[in-house]
Each structure stands twice: as structure tokens, then as C-alpha cells.
Amino acid sequence: MDTASEAEIREQTTQRLEKAMGTFGTAALSSMEEQLPWFRRMPPDQRSWIGLVAQAGIAAFVEWFKSNERTRPAIAGEVFGTAPRELLRSIKLHHTIDMIRVIIDVVETRLDELAAPGGETQLREAILRYTRDVAFGAAQVYARAAETRAAWDARLEALVVNAVLRGEVDDGMHSWAAALGWTSKPVTVIAGYTPEDEEPEVTIDQMQLAARRARADVLAGVHGHRVIVIVGGDADPMEAARPVAAKCGPGPVVVGPQVSDLYDSTKSAQAAVAGLRAAAGWPDAPRPVQATELLPERALDGDGEARRYLVEGVYNPMLAAGAPLLDTLATYLEQGSSLEATARLLFVHPNTVRYRLRRVTELTGLAPTDGRNAFTLRIALVLGRFAARPPRA
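The sections below set out a description of the structure shown in this document.

Calculation criteria
- Position numbers for residues start from 1 in each chain and track the written sequence from start to end.
- Only residues with pLDDT of 70 or above have their local features reported here, since the model is predicted, and side-chain atom pairs are shown and tallied only from 80 upward, although totals for entire chains, interfaces and linings are computed over all residues.
- Side-chain numbers here rest on the full set of heavy atoms in the structure, without hydrogens or water.
- Going along the chain from the N terminus, every DSSP run of H or I of four or more residues is numbered as a helix, and every run of E of two or more is numbered as a strand.
- Each residue's exposure class comes from its accessible area (1.4 Å probe, protein chains only) as a fraction of the maximum for that residue type: buried when under 20%, exposed when over 50%, partly exposed otherwise.
- Whether two residues are in contact is decided by their heavy atoms, any of which lying within 4.5 Å being enough.
- Exposure was quantified through the Shrake-Rupley algorithm and a 1.4 Å probe, taking into account, for residues, occlusion by the shown protein chains and nothing else.
- At least two bridges found by DSSP between two strands is the condition for calling them paired.
- Here, nonpolar core refers to any group of buried Ala, Val, Leu, Ile, Met, Phe, Trp, Tyr and Cys residues whose side-chain atoms link them within 4.5 Å.
- Any carboxyl oxygen of Asp or Glu within 4 Å of a side-chain nitrogen of Lys or Arg constitutes a salt bridge here.
- Whenever a nitrogen or oxygen atom comes within 3.5 Å of another N or O atom, the pair is scored as a polar contact, on the condition that within protein one atom can donate a hydrogen and the other can accept it, and that pairs from neighbouring residues in sequence are kept only if both atoms are in side chains.
- Only centres within 6.5 Å qualify two rings of Phe, Tyr or Trp (six-membered ring in Trp) as a pair; their planes then separate them into stacked at under 30 degrees, edge-to-face at over 60, and tilted for everything else.
- Criterion for a charge above a ring: Lys NZ or Arg CZ within 6 Å of the ring centre, and within 35 degrees of the ring normal.

Focus on the overall build of the protein
And step 1. Secondary structure summary: the protein contains 18 helices and five strands in total.
And step 2. For the protein, the proportion of its 393 residues judged to be buried stands at 44%.
And step 3. Looking at the protein alone, contacts between residues at least 24 apart form 69% of all its contacts between residues at least 6 apart.
And step 4. Per element, the accessible surface of the protein, about 20800 Å² overall, is 52% carbon and sulfur.

Written out as C-alpha cells, the structure is:
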């Protein structure tokens, strides 16, 4: 077949396609009704939109078939441009592929009557190429929609993390979290530093991937050189923090206290951030480290919540137990943790000192015989004395 006859056959086939085009849409919808269960379950307005998309796809094929390679229009815009954005939420990509297959089947069943004599192979090859282009076009449309959705989710995630840090935890923030599918309780906030020379988006993706592997829910945000991660679920906070810490940059990773839900998450976030700031005072701190383990450094760094806890949660219970307990602890710490020296100065038996130190542990959860706990108790004693001093005249 020479070039001239190929062009003539294509023109004749095009004319046949244009004449039959009006019936294709109805036939395609009937076939989808028969073959696709998901289509039958859709409401009438969405089926109507799909009908327009099918008609646009057939019209685009006719236009595509009669045009040459250089002037052929973009398939995605021609076929999917008629559909509203909401339709993408109702029809998944595999549904779209099903729809394309049915429409092409409708055309192929009438191939012999649509193709001009001698043009059957030409039309069949055109259908195959067009189907490929439409499939790629559909993938591009859904990819762009996914990118838009991901960008919107990232903005919502950043808003939630910012609200938690600022203490603006209201119903509006909860609606943002709900839009991201967040329902997890209880909640823990983790603070660390971003990896060097890594984009914030990459850092957040790494945090989320690590959390998914640990079967935990996370919301993450990057603030300057800090990364803040909200972890939800019943998992032990330190266990949940380990995969997150592995993705953080050099430096400490601090785990705030576990709280009941997002409404209380600011408390955990503030403790974690304060701990991260004060962790420089304990270079050998474990990684990750609980914010409560950094109470003395946080208090020295000016964290009001840490100071309040050391007074109310550590000093005051000992004060309520009686002056001998505080005197024994203060003397023990001042004497370099020596039982015998403490007993001599207080004129008591060493066993009495041991009993009182055990009592300190029972009241505060801190053992004076442990070097780290002793440091915390010493800071609590100083802060308690500050709180108890009389106001200046």
C-alpha cells in the first residue's frame, strides 16, 4: 500500500468514526453498567460525569486518529479535562483503567464496520497506541492529584505541629489532625536536630517511614535546625523514640512525657524542647533521653516547669516528712555521699541514715546513692530553699 492510499484509507476511516461517534458514549455506558460493579454503585451525578469523560475520550480518539504525529493533542487534557476534581476522589486509578478498557472494547467490537476497506490493521494499531497514551495520561493526572494532596497534607501537618508547640491546641487544630487521619492516643512528643545537609521534606519523610516500620503514627515538622515529632499510640515512648532518633542528626534526642491526647500534647512538646535546649549540660546523656531525666539541667537553664516540679514533686514531699529527712539528705550530699561522716555529724547511727535515705527514695523516686539522682536532689534542695525564703522587706 503506497503513502497516498494510506492517507485515503485513514480519511475514510475517520469519516466512519465521526458518523458513529454519537453512539459510542451510550454503548460504553451500557457496557460499564454490565461489567463494572463499582460503576453501578455510584450516584447518578457521578455516572453522568463518567459518561462525559467517556464521550470526551472517544471524541479525542477520533481527533487523535485523523491528526498527524506532530499536531496530536495532549491526551490527559482532552480526555480528563471535562471531569470535576471531586471525581478523582471517587474513582481510583484502577477504576479509570477499567473504564478505558471497556470503552476500547466497545470500539474494537465494531472495528470491521468502522475501518475503511484495507484499514483494519491501521485502526487496530491506532487503538493500541491511543490506549497506551490514555493510560499514561491517566497516570499523570492521578500523580499530579497525589502530589497536590501530599503538599496539602504537608501544610496541615506543619500547622498541627506549630499549634502544639505554641500551645494553640483547640478544636480547629484537632480538625486539621483529623483531616490527616490522626486518631491515635496517647501522645508523646520527641525533639531532636535535623540531619546535616538534608532537606526538611526528606527529614520528615524519613521520620514517617521509620514510624510506619515501628507501627506508630507520627506528625513531624522541621523548625530551623530542630525536628519535632508527635508520636501516637500505646507503644512505650522510649521504644517509639528509637527509630525516630536513628533518623535525627547529631546531638541529643529528647522524649517528652506521654500525655493522654493531642489536647495535652503541648505539655510534652514544651518538656521535650526545653530538654533539647538544656541537654548541652549533660554531654553523656543517653540517646534518646527522657525529658524528666534532664530536670536539673532544665531548671538551671530557666525552665519554669522543671523548677516547679523539683520544688513541688521532690522538695515539698521531703519537707512534709519532717526536717530530719531534709537535714540528713543535705548532710549526706555535702559529705560526698559518706554514710559514716553523715552519721557522725548528725549524732545518729549509720542505719538511721540508711533508713532516711531509703525514705527519700520512696518519696521522690530518686536514690541519693546514685550520682545522677544525687545531682537532681541537690538542685531540688536549692530550689526548695529559694521557694521557702521569706519575701524581702
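That was the structure; now back to the text.
Side note on the pairing of strand β3 (residues 226-232)
And step 1. A large share of β3 lies buried, amounting to six of its seven residues.
And step 2. Summarising the sheet, strand β1 (residues 187-193) and β3 pair through seven bridges and their orientation is antiparallel. Bridge assignment links Ala191 to a residue of β3, and that residue is Ile228.
And step 3. In this sheet, β3 lies alongside strand β2 (residues 217-223) in antiparallel orientation, the contact comprising seven bridges. Bridge assignment links Val222 to a residue of β3, and that residue is Val227.

Focus: the sheet that holds β2
And step 1. On the basis of which strands lie adjacent, the open sheet formed by five strands has the order β2-β3-β1-β4-β5 and mixed pairing. Taken across any chain shown, the strands that pair with only one partner, and hence form the sheet edges, are β2 and β5 (289-290).
And step 2. The sheet contact formed by β1 and strand β4 (residues 254-255) spans two bridges and is antiparallel. Each bridged residue has a counterpart across the sheet, and for Ile190 the counterpart in β4 is Val255.

Points about the nonpolar core
And step 1. Ranked by internal contacts, the top residues of the largest apolar core, which has 34 residues, are Leu17, Met32, Phe61 and Leu123.
And step 2. Here Phe61 is in contact with Leu17, Leu123, Ala126, Ile127 and Tyr130, once residues within four sequence places are set aside.
And step 3. Membership of the second largest hydrophobic core comes to 28 residues, among which are Val161, Met173, Val259 and Val273.

Regarding the pattern of salt bridges
And step 1. Within this structure, the stated rule accounts for eight salt bridges.
And step 2. Across the pair Glu297 and Arg372 runs a salt bridge, and its minimum N-O distance is 2.5 Å. Placement of the pair is Glu297 in helix α13 (residues 295-300) and Arg372 in helix α18 (residues 371-388), with a sequence separation of 75 residues.
And step 3. Residue Glu297 is classed as buried on the basis of its relative accessible area, which comes to 6%.

Re the side chain of Asp261
And step 1. Relative to the elements of secondary structure, Asp261 occurs in the loop between β4 and α12 (265-278).
And step 2. Polar side-chain contacts of Asp261 include one of 3.0 Å to the backbone nitrogen of Tyr263.
And step 3. Not counting residues up to four positions away in its chain, the partners in contact with Asp261 are Lys185 and Val187.

Here's the deal with the side chain of Thr14
And step 1. Secondary-structure assignment places Thr14 in helix α1 (residues 3-35).
And step 2. For Thr14, a relative accessible area of 7% translates into the label buried.
And step 3. Beyond its immediate sequence surroundings of up to four residues, Thr14 is in contact with Val62, Phe65 and Lys66.

Things to note about the packing of aromatic side chains
And step 1. Overall, the coordinates contain one aromatic pair when judged by the stated rule.
And step 2. The interplanar angle of 90° and the centroid separation of 6.2 Å between the aromatic rings of Trp38 and Phe39 together place this pair among those described as edge-to-face. Phe39 carries the same exposure label as Trp38, and that label is buried.
And step 3. Stacked on the ring of Trp282, the Lys or Arg Arg372 has its end atom at 3.6 Å from the ring centre.

Keep in mind that these numbers describe shape and distance, not what the molecule does.
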